[in-house]
Amino acid sequence: QVQLVESGGGLVQPGGSLRLSCAPSRRDFSLYTMGWYRQGPGKQRDLVAHVTTDGKKIYADSVKGRFTISRDTAKNTVYLQMNSLKPEDTAVYFCNVHLPGPPYDYWGQGTQVTVSS
């Protein structure tokens, strides 16, 4: 069974930083686009950032300039560095691997990020 193992969530004060990590159990996932989504209370799941295999990065407008996505192919891990965190960043963050064919998407179990004083 494929797993995406996430870590790094927690409670942080506004203006603080966190780094999320996601390590897929399949090494060939390094061949696909990987990214992070988030779902706040009562909201839909939205893209935060993703990175393609050739290094192209896409960010949601709300996180541009504050969040950085990166991938370490050797470690088969994708990271999300989150700086200048705001209360509105509070959400469950999900790691995602997007495949070109069925089942198209794999998801992590989610990690809670809470930004509060």
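Everything that follows concerns the structure shown earlier in this document.
This one's a predicted model, so the numbers in the text were calculated from it and none came from an experiment. Counting restarts for each chain: residues are numbered from 1 in the order of the written sequence. Local features in this predicted model are restricted to residues of pLDDT 70 or higher, and side-chain atom pairs are both shown and tallied only at a pLDDT of 80 or more, whereas totals for entire chains, interfaces and linings draw on every residue. Side-chain metrics in this entry use all non-hydrogen atoms of the structure; hydrogen atoms and water are not considered.

Chemist: Lay out the overall build of the chain with the relevant residues and their values.
Modeler: Within the chain, the regular secondary structure consists of 0 helices and 11 strands. Each helix and strand of the chain, ordered N terminal to C terminal, gives the series β-β-β-β-β-β-β-β-β-β-β. Radius of gyration: C-alpha atoms only; globule rule: 2.2 Å multiplied by the number of residues to the exponent 0.38. For the chain, the C-alpha radius of gyration of 13 Å lies close to 13 Å, the compact-globule estimate for 117 residues. Counted as positive: Lys and Arg. Counted as negative: Asp and Glu, with His and the chain ends omitted from the count. The atoms used to mark charge sites are NZ of Lys, CZ of Arg, CG of Asp and CD of Glu. Each charge sign in the chain was given a centre, from 13 positive and 9 negative side chains, and these centres are 3 Å apart. Note on conventions: DSSP H or I runs of at least 4 residues are helices, E runs of at least 2 residues are strands, and numbering of each starts at the N terminus.

Chemist: How would you summarise the sheet that holds strand β1 (residues 4-7) if you had to cite specific residues and measurements?
Modeler: In this analysis, strands are considered paired if DSSP registers two or more bridges between them. Spatial strand order, β1-β3-β8-β7: 4 strands in an open sheet with antiparallel pairing. Strands at the two margins of the open sheet, each flanked by one partner only, are β1 and β7 (67-72). Neighbour-to-neighbour, the strand axes of this sheet turn through a mean angle of 15°, independent of strand direction. Pairing geometry for strand β3 (residues 18-24) and strand β8 (residues 77-82), over 5 bridges, is antiparallel. Axis lines are fitted through C-alpha atoms, for helices just across the contact stretch, and the angle between N-to-C directions can take any value from 0 to 180 degrees.

Chemist: With reference to specific residues and values, describe the pattern of salt bridges.
Modeler: When their charged atoms lie close together, side chains carrying opposite charge are able to pair. One side-chain nitrogen of Lys or Arg within 4 Å of one carboxyl oxygen of Asp or Glu is enough to make a salt bridge. Inspection of every chain in the model, using the stated rule, returns 4 salt bridges. Salt-bridge contacts for Arg 26 lead to Asp 28; the nearest nitrogen and oxygen are separated by 2.9 Å. Relative accessible area decides the class of each residue, using a 1.4 Å probe on protein chains only: under 20% of the type maximum gives buried, over 50% gives exposed, and in between gives partly exposed. On the accessibility criterion, Asp 28 (30% relative accessible area) is partly exposed. Residue Asp 89 pairs with Arg 38 through a salt bridge whose shortest N-O separation is 2.9 Å. Of this pair, Asp 89 sits in the loop between β8 and β9 (91-98) while Arg 38 sits in strand β4 (residues 33-39); the two residues are 51 residues apart in sequence, bridging distant segments of the chain. With respect to class, Asp 89 is no different from Arg 38; both count as buried. One salt-bridge network, in which partners are shared between bridges, spans Arg 38, Arg 66 and Asp 89.

Chemist: An account of the nonpolar core is requested, with residue identities and associated values reported.
Modeler: Each nonpolar core is a collection of buried residues, namely Ala, Val, Leu, Ile, Met, Phe, Trp, Tyr and Cys, held together in the definition by side-chain atoms within 4.5 Å. Counting residues in each nonpolar core, the largest one holds 25 residues, and the members touching the most others are Trp 36, Val 48, Phe 67, Val 78, Leu 80, Met 82 and Tyr 93. Of all elements in the fold, only β3, β4, β5 (46-51), β7, β8, β9 and β11 (111-115) reach the threshold of two or more residues within this core. Top contributing element to this core by residue count: β9, with 4 residues. We call two residues in contact when some of their heavy atoms are within 4.5 Å. When sequence neighbours within four positions are dropped, the list of residues in contact with Met 82 reads Gly 16, Ser 17, Leu 18, Leu 20, Arg 66, Phe 67, Tyr 93 and Val 113.

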